[in-house]
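Next come the chains, spelled out residue by residue.
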Amino acid sequence: MTITEKVAYIQGLFDGMGLDKSEEPQAKVLSEVLDVLKEVGEEIDMLDATLDEHGKEFDGVEDALNDLTVGLTELEDEVYGVDDDDDDEDEDDEEEDDDSEDFFEVECPNCGEELTIDDEVLAAGSIDCPNCGQTFALSFDEDEESGDD
């Protein structure tokens, strides 16, 4: 049941009561409230209809954009010669690059723990030892490694 239908039902109940709007102040107030409710119900019905119409238009625009996107993707593939198999090869190359990452072993000068580090940590130049919590600088000078001054 819509709001307009509910208001019409209440209006019918009001009319059935046989209240005289000219003599009874309560009847006059109820009559005015019912008039306002009618207007509100009509406005809500109109808004619902407008929203439905706009929803259908938006669906049409969405469908057109999807078609355009598919068309552009196909055109891009045709122009640049993109093939689905090429995507798989690119993923394989990326996995190989990840596997070829270099790792280094260093000893913490504070506690003697052997740590394995990667290029990023090496580039940072320092590391916090997870064993003792001390920070130390990473240096790979040949003099320091061999013990020469």
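Residues numbered from 1 in each chain as written. Predicted model: local features only at pLDDT ≥ 70, side-chain atom pairs only at ≥ 80, totals over all residues. Heavy atoms only, no water.

Q: What's the story with the overall build of the protein in this structure? I'm lost.
A: The number of helices and strands found in the protein is 5 helices and 4 strands. Mapped in sequence order, the helices and strands of the protein form the string α-α-α-β-β-α-β-β-α. Restricting the contact set of the protein to residue pairs at least 6 apart, pairs at least 24 apart contribute 23%. Within the structure as shown, the protein displays about 12,100 Å² of accessible surface, and the carbon and sulfur contribution to it stands at 49%. (Helix = DSSP H or I, 4+ residues; strand = E, 2+ residues; numbered from the N terminus. Contact = heavy atoms within 4.5 Å. Areas by Shrake-Rupley, 256 points an atom, 1.4 Å probe, with all protein chains shown as cover.)

Q: Just to check I follow, could you spell out the state of the cysteines for this structure?
A: Covalently bonding the sulfur atom of one cysteine to the sulfur atom of another cysteine gives a disulfide. Scanning the model with the defined rule gives 0 disulfides in all. Note on Cys108: no disulfide assigned, nearest cysteine sulfur contributed by Cys129 at a separation of 3.7 Å. Residue class for Cys108 comes out buried when judged on its relative accessible area of 1%. You can see Cys129 has no disulfide; the closest cysteine sulfur is in Cys111, sitting 3.7 Å from it. Its relative accessible area of 2% is what places Cys129 among the buried residues. (Disulfide = S-S within 2.5 Å. Buried < 20%, exposed > 50% of the residue type's maximum accessible area, 1.4 Å probe, protein only.)

Q: Any chance you could explain a nonpolar patch on the surface here in plain terms?
A: A surface patch of nonpolar side chains, amounting to about 810 Å² of accessible area, comprises Val61, Leu65, Leu68, Leu72, Leu75, Val79, Tyr80 and Val82. Relative to the assigned elements, Val82 resides in the loop between α2 (25–80) and α3 (84–99). Overall, the relative accessible area of 38% leaves Val82 in the partly exposed class. (Patch = residues over 30% accessible without salt bridge, like charges linked within 9 Å, V, L, I, M, F, W, Y side chains within 5 Å. Salt bridge = Lys/Arg side-chain N within 4 Å of Asp/Glu carboxyl O.)

Q: Which parts of the structure should I look at to understand the pairing of strand β1 (residues 103–107)?
A: Side chains on a regular strand alternate between the two faces of the sheet. For β1 and strand β2 (residues 114–118), the ladder comprises 5 bridges, and the chain directions are antiparallel. Within β2, the residue paired with Glu107 across the bridge is Glu114. Between the antiparallel neighbours β1 and β2 lie 6 residues, among them Gly112 with a positive phi of about 85°. (Pairing = 2+ DSSP bridges.)

Q: Sorry if this is basic, but what is going on with a negative patch on the surface here?
A: Taken together, the side chains of Glu32, Asp35, Glu39, Glu42 and Glu43 define an acidic patch exposed on the protein surface. Residue class for Glu39 comes out exposed when judged on its relative accessible area of 53%. (Lys, Arg positive; Asp, Glu negative; His and termini not counted. Charge placed at Lys NZ, Arg CZ, Asp CG, Glu CD.)

Q: Mind showing me how you'd approach α2 here?
A: An α-helical turn contains 3.6 residues, so any two residues separated by three or four positions project in the same direction. Along its 56 residues, α2 runs 81 Å from first to last C-alpha, staying within 8% of the 82 Å computed at 1.5 Å per residue. Along α2, the residues that are buried comprise Ala27, Ser31, Leu34 and Gly41. The inward-facing, buried residues of α2 abut α1 (3–17). Once α2 finishes, Gly81 follows within two positions and takes phi at roughly 65°, a positive value. (Expected span 1.5 Å × (residues − 1).)

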